[in-house]
Amino acid sequence: MTVPARSTPQSASDATTLSDLARMPDARGHFGPYGGRFVSETLSFALEDLETTYAELRDDPAFQAEFDRDLAQYVGRPSPLYHAERWSQALGGAQIWLKREDLNHTGAHKVNNTIGQALLARKTGKPRVIAETGAGQHGVATATVAARLGLECDVYMGATDVERQKLNVYRMRLLGARVIPVTSGTQTLKDAMNEALRDWVTNVDNTFYIIGTVAGPHPYPLLVRDFNAVVGREARRQSLEHIGQLPDALVACVGGGSNALGLFYPFVEDAGVAMYGVEAGGDGVDTGRHAAPLSSGAPRGVLHGNRTYLMSDEAGQVADTHSISAGLDYPGVGPEHALWKDAGRVNYVAANDDAVLEAFRELTHMEGIMPALESAHALAHARVLAPTMRPDQHIVVNLSGRGDKDIMTVARLDGIEF
Amino acid sequence: MNRIDQRFGELKQQGRRALIPFITAGDPAPDYTVGFMHALVEAGADVIELGVPFSDPMADGPVIQQACERALKAGTRLVDLFDMVAEFRRTDSVTPVVLMGYLNPVERIGYRAFAEQAAQAGVDGVLSVDMPPEEADELAPLLKQNNVAAIFLVAPTTSRERAETICASGDGYLYYVSLKGVTGSATLNADDVAEHLAPLRELTDLPLCVGFGIRDGATAANVARVADGVIVGSALVNRIADNTATPEAIPGELKQVLGDMRRAMDAPR
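Residues numbered from 1 in each chain as written. Chains lettered and ligands numbered in written order. Predicted model: local features only at pLDDT ≥ 70, side-chain atom pairs only at ≥ 80, totals over all residues.

## A closer look at the overall build of chain A
Along chain A, the regular secondary structure elements total 16 helices and 14 strands. Since a compact globule built from 418 residues should have a radius of gyration of about 22 Å, the 20 Å found for chain A is in line with a globular shape. Its C-alpha atoms give chain A principal-axis dimensions of roughly 55 × 55 × 50 Å. Sequence separation of at least 24 residues holds for 76% of the intrachain contacts in chain A that already meet a minimum separation of 6. (Helix = DSSP H or I, 4+ residues; strand = E, 2+ residues; numbered from the N terminus. Rg over C-alpha atoms; globule rule 2.2 N^0.38 Å. Contact = placed C-beta atoms within 7 Å.)

Spelled out as structure tokens, the structure:
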């Protein structure tokens, strides 16, 4: 299908390169120099098993049909593509469209992936699932599918995040999951992932690890991307339907990067569609207090089973990160994003905490939609980008989650305690 | 000839098993490590595994996690380990030293520089927990060029097909992880270990050394009946942890724990 693309702020060039990008990863799970399977030997067989299981199911129409049915009937897909007319007008530039992943069951894009992985877990016959979580969205989405399938569920969460995301912690417990606070290291998402890996290496015979982002050892970056790509496929179809053309730009926040890959991947070969991945700028990338490996120029490294860009000091110790949003507070990023950065396909930028809060408040006031603080990073960049574009151009922003879980955080900043 | 091959050759002639202690370098502070290494040799160590402290030790239990934290707090870096090994080598030119840790510090230094500096310092082997043979095709040849052994793990969950690859890729010795879990988590079952080692014998002449779950002289002696070497980590690191306020007492503590194991392993059956 040929689709007219208009002039764009920045477009990727080489068509061969783009189709190469679309065919990643290679057979060993490498995205160019990134990705791979850097794990302790004990886990290798489980990952090989998962790879085989998924390779069989990936092209199995019955599996896909079951996945699609769950997304439609349980998650409530397709999610709308909403024209934020009032906000667009106020910004005085391009038209902004919001991909409403916040309207999914459980309130974020995360459930697309947990539905898919839960189907895999059931296929492997393992009675127990574990997950790591930062903001708690992936933990809630995992606890939800575990409840539905009657699986035992343990969720690892950094003690800092347990404190700042109390509501989601209680939600997970109501759903029947055990939430295990992690007190080692920086007590955030990366430490939760360390602890989940330690659990998995111990209980690998009866446990399926549901990783929540496009990182980790192969095949996780591949399958998490595939399960989230429904976001981009819908957005592409809806753009053609509502706008009559592909959007000029896509914007999504990037922590590990699952919602961004989900939106971007189906557009990767559309050279005319510019893409912006927005990392957590924290206090500012020049302050060192941020979680923006791609836009701050972090070196390559290996953590949690894959090679990627990774914030670390000169001795190779993983750096402390900072972000107002627990879900983006991670020193690495999915390996496919690392490759897309090198290829120049996506522009990676950062939004600072204060700009994020401003975007959070503005969207809430002007559109009556309260975004998750993670998603507000994407909105903060859209706010900067839109005025540089013409009113006949279009931006699709992934509104990856809703802000209910962040009300306490924002209230505290306003000096209100409940 | 690499010191590891030399040492296992001697042990084979003597009909003895290797005792391989692990400590985290820089725990509780970098100045103590070389003294601890000499104490371990005095107590009967045949090979020393020196842990490279890492911020995110995903395969380790709380004991070694905390050792990493203490070492990092004291400012220990991978390059400091090269200095420690070089200093150790001034008075001990025969005991093999293996660096054991995670890949990221090595990635940061760069593979070539790492292999060259390790060799120059007198390091004999490298075991990166999160680098299986499939991901070692860049680093392993560089280590080989520098006469440093690339040592790999084998686990109870390793398939025969994978074991073939690992045996073909490995140098020095094979590190058999005795149980599913993190370091320091449980006590191993020697019969179970024997069952898993048997097929490996058919695949390789490399010495088979067993780690994870070895707590005392009795478990060490049990493992020594079926393996070529016994690796002990958390039991030693625990002694360091308990004596951080009086570091001068630590060499004696290490000697006691390791000496018990040595005696139990060497006792006539």
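## Quick word on the environment of L19 of chain B
Residues and elements named next belong to chain B. For L19, the position within the fold is in strand β1 (residues 18-24). Here L19 falls in the buried class, since 27 other C-beta atoms lie within 10 Å of it. When the C-alpha positions of L19 and Q117 are compared, they lie 26 Å apart, and in sequence the two are 98 residues distant. Not counting residues up to four positions away in its chain, the partners in contact with L19 are G44, A45, D46, V230, L258, M261, R262 and M265. (Buried ≥ 20, exposed ≤ 12 C-beta atoms within 10 Å, placed from the backbone.)

## As for the domain arrangement of chain A
Residue and element names in this part refer to chain A. According to the domain assignment, chain A contains domain 1 (36-53 + 109-224) and domain 2 (77-107 + 229-413). Measuring from the centre of the C-alpha atoms in domain 1 to the corresponding centre in domain 2 gives 23 Å. The interface of domain 1 with domain 2 comprises 34 residues on the first partner and 38 residues on the second. For the side of domain 1 that touches domain 2, the secondary structure elements donating two or more residues are α5 (110-124), α6 (137-149), α7 (159-164), α8 (166-174), α9 (189-203) and α10 (220-228). The element contributing the most residues to the side of domain 1 that touches domain 2 is α6, with four residues. Residue classes in the side of domain 1 that touches domain 2 are distributed as 14 nonpolar, 15 polar and five charged. (Domains from an automatic or database assignment. Nonpolar A, V, L, I, M, F, W, Y, C, P; charged D, E, K, R; others polar.)

## Notes on the pairing of strand β3 (residues 97-101) of chain B
The buried fraction of β3 of chain B is high, at five of five residues. The two faces of β3 of chain B match: V97, L99 and G101 of chain B on one face and V98 and M100 of chain B on the other face are all buried.

## Description of the interface of chain B and chain A
Opposite the 32 residues of chain B that make contact, chain A presents 30 residues. At the level of secondary structure, the elements contributing two or more residues to the side of chain B that touches chain A comprise α3 (62-73), α5 (103-109) and β6 (153-154) of chain B.

## Points about the nonpolar core
Formed by 233 residues in total, the largest nonpolar core has its most connected members in L250, V251, F264, V278 and I395 of chain A together with C209 and V230 of chain B. Viewed by domain, this core spans two of them, domain 1 (36-53 + 109-224) and domain 2 (77-107 + 229-413) of chain A, each represented by three or more residues. Setting aside its immediate chain neighbours within four residues, F264 of chain A contacts G232, L250, A252, M275 and V346 of chain A. (Core = buried A, V, L, I, M, F, W, Y, C linked by C-beta atoms within 7 Å.)

## Structural notes on the sheet that holds strand β5 (residues 149-150) of chain B
Residue and element names in this part refer to chain B. Spatially, the nine strands line up as an open sheet ordered β5-β4-β3-β2-β1-β9-β8-β7-β6, and their pairing is parallel. Because the sheet does not close on itself, it has two edges, and the strands there are β5 and β6. Direction of pairing for strand β7 (residues 174-177) relative to strand β8 (residues 208-211): parallel, over a ladder of four bridges. Looking at the pairing, Y176 lines up with V210 of β8. Contacts from helix α12 (residues 250-266) reach β1 and β9 (229-232) within the one sheet, and its direction differs from that of β1 by about 165°. (Pairing = 2+ DSSP bridges. Axes fitted to C-alpha atoms, helices over the stretch in contact; angles between N-to-C directions.)

## A few points about unusual backbone geometry
Cis rather than trans, the peptide bond between M24 of chain A and P25 of chain A has omega equal to 0°. Inspection of the secondary structure puts P25 of chain A in the loop between α1 (15-22) and β1 (30-31). At the junction of H218 of chain A and P219 of chain A, the peptide bond is cis and its omega measures out at 15° in the coordinates. In this structure, N147 of chain B is a non-glycine residue whose phi angle is positive, near 60°.

## Points about the packing of helix α2 (residues 41-58) of chain A against α5 of chain A
Residue and element names in this part refer to chain A. At a closest axis distance of 11 Å, the pairing of α2 and α5 adopts a crossing angle of 115°. With respect to their mutual orientation, α2 and α5 come out roughly perpendicular. Of the two elements, α2 crosses α5, and the hand of that crossing is right-handed. Taken together, the residues of α5 that come into contact with α2 (itself represented by T53, Y54 and L57) are L120, K123 and T124. (Parallel < 35°, antiparallel > 145°, perpendicular 65-115°, else oblique. Left-handed = near helix turned anticlockwise from the far one by under 90°.)

## Let's talk about the sheet that holds strand β6 (residues 152-158) of chain A
Residues and elements named next belong to chain A. Read from one edge of the open sheet, four strands run β7-β6-β5-β8, paired in parallel fashion. Looking at strand neighbours, the two that pair on one side only are β7 (178-182) and β8 (207-209), the edges of this open sheet. Geometrically, the sheet is characterised by an average inter-axis angle of 25° between neighbouring strands, direction not taken into account. Contacts between α9 and the sheet are confined to β5 (128-133), β6, β7 and β8, with β5 contributing the most and set at about 160° to the helix.

## Describing the packing of helix α4 (residues 78-91) of chain B against helix α6 (residues 111-121) of chain B
Residue and element names in this part refer to chain B. Packing of α4 against α6 brings their axes to within 8 Å, and their N-to-C directions diverge by 25°. One way to sum up the angle between α4 and α6 is to call them roughly parallel. Contacts from F82, V85 and A86 of α4 reach α6 at Q117, A118 and A121. Its residues assigned to classes, the contact of α4 with α6 shows five nonpolar, one polar and no charged.

## Considering the pairing of strand β4 (residues 125-128) of chain B
Residues and elements named next belong to chain B. Burial along β4 is two-sided: the face carrying G125 and L127 and the face carrying V126 and S128 are both buried. Note that β3 and β4 share four bridges and pair parallel. Bridge pairing in β4 places V98 opposite G125. Where β4 lies against β5, two bridges are found, and the strand directions are parallel. Opposite V126, over in β5, you have A150 as the bridge partner. In this fold, the crossover linking β4 to β5 by way of helix α7 (residues 139-145) has right-handed handedness. (Right-handed = clockwise from strand over helix to strand, strands pointing away.)

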